[in-house]
Amino acid sequence: MARALRDASLTFALLLVAGCRGDQHSLDPAGHQADAIARHWWFFLIVSTVVYVLVAVALVWALFRRKRNADQREHDRHSMRVIGLSVGITVVVVFVFLVHAVWTNRTLGALPERDAIRIEVTGQQWWWHVLYKDASGSPYLTTANEIHIPVGVPVKIELLSRDVIHSFWVPNLHGKIDLIPGHRNALMLRADRAGVFRGQCAEFCGLQHALMGFLVVAQPRDEWERWLRAQQQPSAPPQTAEQARGRELFVSSQCAVCHTVRGTTAFGHTGPDLTHLASRRTIAAATLPNRRGHLGGWISDPQNIKAGTLMPPSDFGSEDFKALLSYLESLR
Ligand code: CUA
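Reference entry: report on the structure contained in this document. (Residues numbered from 1 in each chain as written. Predicted model: local features only at pLDDT ≥ 70, side-chain atom pairs only at ≥ 80, totals over all residues. Heavy atoms only, no water.)

1. Quick word on the side chain of K306
Consideration 1: Examined against the element boundaries, K306 turns out to sit in the loop between α8 (302–305) and α9 (318–329).
Consideration 2: Residues contacting K306, with those up to four places away along its chain left out, are W126, Q208, L211, A284, A285, T287 and W298. (Helix = DSSP H or I, 4+ residues; strand = E, 2+ residues; numbered from the N terminus. Contact = heavy atoms within 4.5 Å.)

Spelled out as structure tokens, the structure:
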């Protein structure tokens, strides 16, 4: 019995510790703001736990204490003193919470906008359009669903929506903020360590809200700059006859109506820019790992994976389909 109890509590403790780590977790902060939010959360938890224990002890004491035969008036006076003291302590605790919340809020807004990297993110059912902009606001790079940022540098994320309300949330880096049609919101964040952090749309936005994820890749500055330079290049020319055939199919079929591949005649804007598709870790907004099998499944029947997505099914013959996949895989 004692052993079972020990094993159970050990398992519980391990689960608890494991639950506080991860690439999509607000209690595993990797940035300036998430750190302040996590500290705020722990502060609330600790104070609330102390209050809870004190109230429970007082309750048990009140239930089991021996009644003295004091006169009624003395008893009433004593009760009023206890009630008055409890109300006073409650007010103080709530006030301390308020001060801590205001202080945390100031920390969240403390990043300087000057010299920040500007990224515009537009949410739409159910993926994220990502635009890198220079200091004057001119865009210089378009990508989708995977946002790369340098470690230790403030990043200003401007948020828009093309259709309904979405919410941008990368728990390891910051709290959530809504993307509202016709309105521009902004969020300042800074990653303090490298890593790949998962983000998630946090506002119900239709059938596939749960499959509207994204990744934030925080990397050392020189690595980030290499990534940026590579992404700014037009798509790689085909290296094999099969890839060339795939490109031909891509630009002459329905793919090109919705997608852009820079360096070809495909410049649709309905779906994600695919110029460097193969460099991304996931497809379909962090829904599937970016591997040939998943890519094939997605292209042939996207409705089976993400019902309601704008991407229609396709029916290429098997040789054409293989060529198309080879071409897409060459878009590094
Ligand atoms: Cu977008 Cu939920």
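2. As for the packing of helix α5 (residues 241–252) against α9
The packing of two helices is summarised by the inter-axis angle and the distance between the axes.
Consideration 1: Orientation of α5 relative to α9, taken along the N-to-C sense of each, is 95 degrees, at an axis distance of 7 Å. Here α5 lies roughly perpendicular to α9, going by the angle between them. When α5 is examined against α9, the residues E242, Q243, R245, G246, R247, L249 and F250 are found in contact with a partner set consisting of D320, K322, A323, L324, S326, Y327 and L328. (Axes fitted to C-alpha atoms, helices over the stretch in contact; angles between N-to-C directions. Parallel < 35°, antiparallel > 145°, perpendicular 65-115°, else oblique.)

3. Looking at the sheet that holds strand β4 (residues 146–150)
Consideration 1: On the basis of which strands lie adjacent, the open sheet formed by five strands has the order β4-β10-β9-β6-β7 and mixed pairing. Strands at the two margins of the open sheet, each flanked by one partner only, are β4 and β7 (177–179). Going from strand to strand, the sheet's axes swing by 25 degrees on average, the running direction of each strand aside.
Consideration 2: Pairing analysis gives three bridges linking strand β6 (residues 166–169) to β7, with the strands arranged antiparallel. Within β7, the residue paired with F168 across the bridge is I177.
Consideration 3: Taken strand by strand, helix α4 (residues 221–232) contacts β4 and β10 (213–219), and its axis lies near 135 degrees from that of β4. (Pairing = 2+ DSSP bridges.)

4. Some remarks on the environment of G268
Consideration 1: With respect to the helices and strands, G268 occurs in the loop between α6 (255–258) and β11 (282–283).
Consideration 2: For G268, a relative accessible area of 7% puts it in the buried group.
Consideration 3: The sequence separation of G268 and A194 amounts to 74 residues, and the corresponding C-alpha distance is 33 Å.
Consideration 4: Beyond its immediate stretch of four places on either side in the chain, G268 contacts A256, V257, C258, H259 and T260. (Buried < 20%, exposed > 50% of the residue type's maximum accessible area, 1.4 Å probe, protein only.)

5. Considering the pattern of salt bridges
Consideration 1: Applying the stated rule across the entire model yields 16 salt bridges.
Consideration 2: Of the charged contacts in the structure, one is a salt bridge between R221 and E225, with a shortest N-O distance of 3.1 Å. Pair noted here: R221 and E225 are both in helix α4, with a separation of four residues, about one helical turn.
Consideration 3: For R221, a relative accessible area of 41% corresponds to the partly exposed category.
Consideration 4: Between R245 and D320 there is a salt bridge whose closest N-O contact spans 3.2 Å. On the criterion of sequence distance, the pair formed by R245 in helix α5 and D320 in helix α9 is long-range, its members being 75 residues apart.
Consideration 5: In the salt-bridge network here, residues are joined through shared partners; they are R118, E120, K133, E158 and R184. (Salt bridge = Lys/Arg side-chain N within 4 Å of Asp/Glu carboxyl O.)

6. Re helix α7 (residues 292–300)
Consideration 1: Three or more residues of α7 are buried, namely L295, G296, W298 and I299. Take α7 and look down its axis: the buried residues cluster within an arc of 165 degrees, on one side only.
Consideration 2: Those residues of α7 that are buried lie in contact with β11, α8 and α9. (Arc of directions from axis to C-beta.)

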